[in-house]
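Letter by letter, the chains look like this.
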Amino acid sequence: MDTILTVTLNPTIDKNFMVDQLVPDSKLRCPDPRIDAGGGGINVSKGIKRLGGNSVALTLTGGRNGGLLAELMLREEIPLIQMSIEGETRESITISETSSNRQYRIVLDGPPVSPVVSGQLLNTIQQMDPFPGVVIASGSIPNGVGEDYYASIGKIVREKGAKYIVDTSGKALLNAVEQGVYLVKPNIKELSALAGVDMLELENVDEAAMELIRTGRCEVVMVSLGSSGAMLVTANGYKHIPAPAVERKSTVGAGDSMVAGMVWCMQQGRSLEEMAMMGVACGTAATMNEGTQLFKKIDVERLYRWISKQ
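Moving on, we come to the layout of surface pockets. The computed volume of the largest pocket comes to approximately 820 Å³. Gly40, Arg105, Gly139, Ser140 and Asp256 are, among the 34 residues lining the largest pocket, the residues nearest its centre. Put simply, the parts of the chain that give the lining of the largest pocket at least two residues each are β2 (12–19), α1 (40–50), β6 (90–97), β7 (102–107), α5 (170–179) and α8 (254–267). Residue composition of the lining of the largest pocket, by class: eight nonpolar, 17 polar and nine charged. Around the second largest pocket, the lining is made up of 15 residues, and of these Ser224, Gly226, Arg248, Ala254 and Gly255 lie nearest the centre. Where the lining of the second largest pocket is concerned, the elements lending two or more residues are α8 and α9 (272–286). Residue composition of the lining of the second largest pocket, by class: four nonpolar, nine polar and two charged.

Below, the structure written as structure tokens:
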């Protein structure tokens, strides 16, 4: 069974507030605010844990929020490797307006990371023994870190003979894929950028993903199609995985939940098709909960059964 490492360069304290209606210049009552440890890889580790799997989360933290993040991860019983930075770990705020089912999200940039710390993190990964079988780098790149950083992690992972999964966007994703990865999970906009075009038509998605595989830039592409599910593309062909229709309450963490489901299946030694179905089940289940809760396992199991019968 492969060991799993998640890497989060720009973690966050996710705060979710639910109010009846946003009204200017008024005191808005929020009876039960929710606070979670968040950020791409952190959420992936949390999702894996909820499915019954295990991972180690490597992240950069600072200040009082960094201490709070460590405390929240301890409650989740997820092993955490912290590397200290100057400055305060950022916060992300979600305000859910219950009267309209609208969400308002405020996402801070986070503190800069020095070249010394970013170099130490690469060294920490390099020296891991035993080295994890799967490494997931997920989330945004913080200030001070170059857009080739995920590619640098990928170089280490490939030299170690492990599988590398990247879930990010922009030049950071492009550079990582050019270096070579095992799996990517782009949406159509991100896949279009990887293909070098403004916007792909839906009928061209499978061919664009297949080209990434033919050119050796990745082995598996899971194209996220939002409420329509996802497209699994491998060297052997492609398959559309439909998403069940559910009442959507939040999209926060849905992409991270999809990655968690896929990686958990990999850890269990299950097939790529099962991996894709579990990813869609977890991503869809995450949208059924308010704010930053990710998914409930009971919802995932029910949705997976529906998907597997399609």
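The nine strands are arranged β5-β4-β1-β8-β9-β10-β11-β12-β13 in an open sheet whose pairing can be described as mixed. Edge positions in the open sheet fall to β5 (80–84) and β13 (237–241), since each of these has one partner strand only. Packed onto the sheet, α8 meets β1 (4–8), β8 (134–138), β9 (163–167), β10 (183–184), β11 (220–224) and β12 (230–234) and runs at close to 170 degrees relative to β9.

If you walk through the whole model with that rule in mind, you get three cavities of 30 Å³ or more. Put simply, the largest cavity is a space of about 50 Å³. Residue composition of the lining of the largest cavity, grouped by class: seven nonpolar, two polar and one charged. By volume, the second largest cavity amounts to about 40 Å³. Here the residues of the lining of the second largest cavity sort into three nonpolar, four polar and two charged.

This brings us to the sheet that holds strand β3 (residues 34–38). Pairing between sheet strands relies on hydrogen bonds along the backbone, with the strands arranged either parallel or antiparallel. The four strands lie next to each other as β3-β2-β6-β7, forming an open sheet whose pairing is mixed. Both outer strands of the open sheet, β3 and β7, are each paired with one neighbouring strand and no more. When strand polarity is set aside, the average angle formed by the axes of neighbouring strands in this sheet is 20 degrees. With five bridges connecting them, β2 and β3 associate as antiparallel partners. Residue pairing for β3: isoleucine 13 is matched across the bridge by alanine 37. Against the sheet, helix α2 (residues 63–75) engages β2, β3 and β6, with an angle of about 90 degrees to β3.

What counts, and at which threshold
Residues numbered from 1 in each chain as written. Predicted model: local features only at pLDDT ≥ 70, side-chain atom pairs only at ≥ 80, totals over all residues. Heavy atoms only, no water. 1 Å grid on protein atoms, 1.4 Å probe; cavity = no way out; pocket = protein on both sides within 12 Å on 5 of 7 lines; lining within 4 Å. Points joined across faces, edges and corners; volume = space filled by probe spheres on them. Helix = DSSP H or I, 4+ residues; strand = E, 2+ residues; numbered from the N terminus. Nonpolar A, V, L, I, M, F, W, Y, C, P; charged D, E, K, R; others polar. Pairing = 2+ DSSP bridges. Contact = heavy atoms within 4.5 Å. Axes fitted to C-alpha atoms, helices over the stretch in contact; angles between N-to-C directions.

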